[in-house]
Amino acid sequence: MSSAVAKTAGGAGALPTPPAAPRKSVTGTRLWVAVLFLLPALVLLGALVVYPIGYSVWRSLFDASGSGFVGLDNYAEIFTDDATLVAVRNTAIWVAVAPALVTALGLIFAVLTERVRWGTAFKLIVFMPMAISMLAAGIIFRLVYEQDPDQGVANAVVTSVHDVFADESVYPKARPNAQVSDLRPSGGGSFTTEGAVRAGTPALLPLVGIAPNRLPGAPEDAKAPTGNGVTGTVWLDFRLGGGGEKGAVDRGEKALKGVKVEAVKDGKVVATATSGADGTFRLPESADGARLRLPGSNFAAPYNGIEWLGPTLVTPAVIGSYVWMWAGFAMVLIAAGLAGVDRNLLEAARVDGANEWQVFRRITVPLLAPVLVVVLVTLMINVMKVFDLVYIIAPQPTQDEANVLALQLYLASYGGGGDFGLGSAIGVVLLLLVLPVMWVNIRRLRKERQR
């Protein structure tokens, strides 16, 4: 039997070998058909991705004009130029802070709204900023962070809270007339008389620096003090149209109501009083022989809030606008993952005595880990390309302090620099920074497919 098989296999009587079948892919499709269908995508991929990357790498090796080969000098300039180093630092801050903050907020929103009846409406409201472009969001938050509390929402809230706990100055920028007044600056914005006040001799404390039509409320006409004792008047020694005697209470001059007056002896305050509607005040007998002081709190400029777009807070302020936009994105993805969590595991943990915090930390978060990684990685890639928000929100004087690599790429190439070699080098550096994050994401996807 074996010899017959051998003869059949190798002898003269062997059967002819059938022709090879056309090569097919795993799915049963001929290879040339698959290549034909993939060709448009491959052409677009090459034209829109591969060619720009290759050209950027090549262009980064030349000078600004593109005519002189400079090798790696452009890359060296990235890590020696002060403006670019600030951009590198701020980009690192963005990558470290913004994705983690957005993911944490998205997780909190998703978990807290799971059992709330109006949770869907809340999620819709939080997600709505995603429908707004970066340009529009930048304009919105440029107005939100406006320094003037009458225009900026952030400072309007801050000043309102501040004014609840702190006394507001009565007459900001008011000052005595040095030519006719005995008041002199005494530090801290206060003014103190050079001479002592005596009972029976009215103390006249004229002030200027305020327009009569800018006084708060409906001020009354000032009156000279009457009666014995330590008395005086605080008034605006000026009236529209002029006239009158400087340093004297003239008819038509307005009283300054609510001005705090202190009697000071040997550096200690022995008595205080507040001017009335007609500008007069009265101190106790203990103030006889004391000098009068008008504290600086009467004249301090009004509190105008926080300088959100100043050199110190401009980067956190811009990150805040990014969180406002992308928290809804993180919330929706995490809520979708949360909907797939087995409720039996959560209930079993509660039956075993775990409180809600333990259930959240030891059950919910580990089960949502794949979704959280997806959100975090996506946001890390996204923040490396942030340009619009920084360019629009940060004003020109402090834009250098808020600079990021994507913005520095634009400024170096098109924003007056005209150095396309340096701009290309920054683009290549951004690509190299994104590649490790993409590699982590690809590995995660492969592991999920193998499960």
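This text follows the structure it describes.
Residues numbered from 1 in each chain as written. Predicted model: local features only at pLDDT ≥ 70, side-chain atom pairs only at ≥ 80, totals over all residues. Heavy atoms only, no water.

1. Comments concerning the packing of aromatic side chains
Scanning the entire structure with this criterion turns up 19 aromatic pairs. Ring centres 5.5 Å apart and planes at 15 degrees place the aromatic pair F387 and Y391 in the stacked group. Residue class for F387 comes out partly exposed when judged on its relative accessible area of 22%. Residues Y391 and Y410 carry aromatic rings whose centres are separated by 5.7 Å and whose planes lie at 75 degrees to one another, so their mutual orientation is edge-to-face. Of the two residues, Y391 is situated in helix α12 (residues 388-393) and Y410 in helix α13 (residues 405-413); the sequence distance between them amounts to 19 residues. Assessed through its relative accessible area of 28%, Y410 is described here as partly exposed. Taken together, Y51, Y55, W58, F62 and F69 form an aromatic cluster joined through their ring pairs. (Phe/Tyr/Trp six-rings, centres within 6.5 Å; stacked < 30°, edge-to-face > 60°. Buried < 20%, exposed > 50% of the residue type's maximum accessible area, 1.4 Å probe, protein only. Helix = DSSP H or I, 4+ residues; strand = E, 2+ residues; numbered from the N terminus.)

2. Concerning the nonpolar core
Membership of the largest hydrophobic core comes to 61 residues, with the highest contact counts inside it found for W94, Y145, Y322, W326 and V390. Per-element tally for this core: the top contributor is helix α8 (residues 314-339), with 14 residues. If sequence neighbours within four positions are ignored, V390 has contacts with W94, V318, Q399, A402, V404 and L407. (Core = buried A, V, L, I, M, F, W, Y, C linked by side-chain atoms within 4.5 Å. Contact = heavy atoms within 4.5 Å.)

3. Some remarks on the sheet that holds strand β8 (residues 280-283)
Strand order in the open sheet made by the four strands is β1-β4-β5-β8, with mixed pairing throughout. Looking at the sheet topology across the chains shown, the edges are occupied by β1 (175-176) and β8. As paired elements, strand β4 (residues 203-208) and strand β5 (residues 230-236) share five bridges and run parallel to each other. Within β5, the residue paired with L207 across the bridge is L236. (Pairing = 2+ DSSP bridges.)

4. Examining the pattern of salt bridges
What the rule picks out here adds up to seven salt bridges. With a shortest N-O distance of 3.1 Å, R350 and E347 are connected by a salt bridge. Here E347 and R350 lie together in helix α9 (residues 343-351), a separation of three residues that amounts to about one turn. In this structure R350 comes out as partly exposed when scored by relative accessible area, which is 21%. (Salt bridge = Lys/Arg side-chain N within 4 Å of Asp/Glu carboxyl O.)

5. Details of the sheet that holds strand β6 (residues 260-265)
Pairing is antiparallel across the open sheet formed by five strands, whose spatial order is β2-β3-β9-β6-β7. The open sheet terminates on both sides in strands that have one partner only, identified here as β2 (183-185) and β7 (268-274). Between one strand axis and the next, the sheet turns through 30 degrees on average, direction left out of account. Two strands pair when backbone bridges link them, and strand β3 (residues 191-193) and strand β9 (residues 291-294) are joined in this way by two bridges, in the antiparallel orientation. Bridged to F191 within β9 is L294. (Axes fitted to C-alpha atoms, helices over the stretch in contact; angles between N-to-C directions.)

These values are about where atoms sit, not about what they do.
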